[in-house]
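Chain by chain, the residues:
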Amino acid sequence: RPRGDRRPVMATWWTGKARRVVAYLAGPLPLVERERAAPWLPGRSLALFDSMHPADQAHGLLVWADLRAGGTDDAELLTAALLHDAGKGTETGLLPRIAWAVAEPHPVLVRALVRIPRLGDGIERMRLHAVRSAQLAAAAGCSERVVRLIAGDAGPDDGAVVALRLADEARG
């Protein structure tokens, strides 16, 4: 393949997105999976996790598992991994999620999609989900660092925010 060939990257991206669609359609998270997450969700954060869409729960668990497999034992990072998509909400349907995945790198397209009735609200939830997820985590009593990790602004010396972003992107 010629230098700069993006086909392997795009194939991985599409595979991750296809996995997210399957998770969206799969239904409730199995109880055994919820039990894996529970020890990492202190206080009211377990209730926040339970309120998330099953696809977002499943994705959070995959990100969590990848971080654990990579040797992470940072409890706050692992909590953030489980809750980082809470702000998408259960009311965000499959179509806005797919449209956002395609449009996110293209601000002009995002601005156009936000104007479409019924689709626009879901696109806006997707666009703002990191901020909303951080707000929900704060309201659930998560530590300030967990909230900052979810929001993506944990500080220049905290490599955990980069680890979370990379693990999230790797899982689509």
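See the structure printed just above.
Definitions and limits used
Residues numbered from 1 in each chain as written. Predicted model: local features only at pLDDT ≥ 70, side-chain atom pairs only at ≥ 80, totals over all residues. Heavy atoms only, no water. Helix = DSSP H or I, 4+ residues; strand = E, 2+ residues; numbered from the N terminus. Contact = heavy atoms within 4.5 Å. 1 Å grid on protein atoms, 1.4 Å probe; cavity = no way out; pocket = protein on both sides within 12 Å on 5 of 7 lines; lining within 4 Å. Points joined across faces, edges and corners; volume = space filled by probe spheres on them. Core = buried A, V, L, I, M, F, W, Y, C linked by side-chain atoms within 4.5 Å. Buried < 20%, exposed > 50% of the residue type's maximum accessible area, 1.4 Å probe, protein only. Polar contact = N/O pair within 3.5 Å; in protein donor to acceptor, adjacent residues only side chain to side chain. Salt bridge = Lys/Arg side-chain N within 4 Å of Asp/Glu carboxyl O. Expected span 1.5 Å × (residues − 1).

### Describing the side chain of K88
- Along the polypeptide, K88 turns up in the loop between α5 (75-83) and α6 (94-103).
- Those residues in contact with K88, other than ones at most four positions away along the chain, are R20, D56, R97, R125, M126 and H129.

### Digging into the layout of surface pockets
- Size it by volume and the largest pocket reaches roughly 880 Å³.
- What lines the largest pocket is a set of 34 residues, and nearest its centre among them are K17, W100, E104, H129 and D168.
- Of all elements in the fold, only α1 (7-26), α4 (54-69), α6, α8 (119-127), α9 (129-139), α10 (144-151) and α11 (160-170) reach the threshold of two or more residues within the lining of the largest pocket.

### With respect to the nonpolar core
- With 31 residues, the main nonpolar core has F49, L67, L82, L83 and L164 as its most contacted residues.
- If you list the elements that add at least two residues to this core, you get α3 (45-51), α4, α5, α9, α10 and α11.
- In terms of residue count, α5 provides more of this core than any other element does, six residues in total.
- For L83, the residues in contact, after removing those within four places along its chain, are L41, S45, L48, F49, M52, S133, C142 and I150.
- Ranked by size, the runner-up nonpolar core spans eight residues in total, among them A99, W100, L119 and M126.

### Focus: the side chain of H59
- Take H59: it is sitting in helix α4.
- Polar side-chain contacts of H59 include one of 2.5 Å to the side chain of D168.
- Aside from chain neighbours lying at most four places away, what touches H59 is R20, H84, D85, D168, R171 and G172.

### Some remarks on the pattern of salt bridges
- Taken as a whole, this structure holds twelve salt bridges when the rule is applied.
- Across the salt bridge formed by D66 and R171, the nearest N and O atoms sit 2.7 Å from each other. Of this pair, D66 sits in helix α4 while R171 sits in the segment after α11, and the two are 105 residues apart along the sequence.
- Given a relative accessible area of 27%, D66 falls into the partly exposed group.
- A cluster of three or more residues bridged by salt bridges with shared partners is formed by D74, E76, R145 and D158.

### Side note on the environment of A65
- Tracing the backbone through its elements, the reader meets A65 in helix α4.
- Classification of A65 as partly exposed rests on a relative accessible area of 23%.

### Examining α4
- With 16 residues, α4 extends 22 Å between its outermost C-alpha atoms, agreeing within 8% with the 22 Å of an ideal straight helix rising 1.5 Å per residue.
- What α4 keeps buried is the set A55, D56, Q57, H59, G60, L61, V63, W64 and L67.
- G71 sits one or two positions beyond α4 and adopts a positive phi of about 100°.

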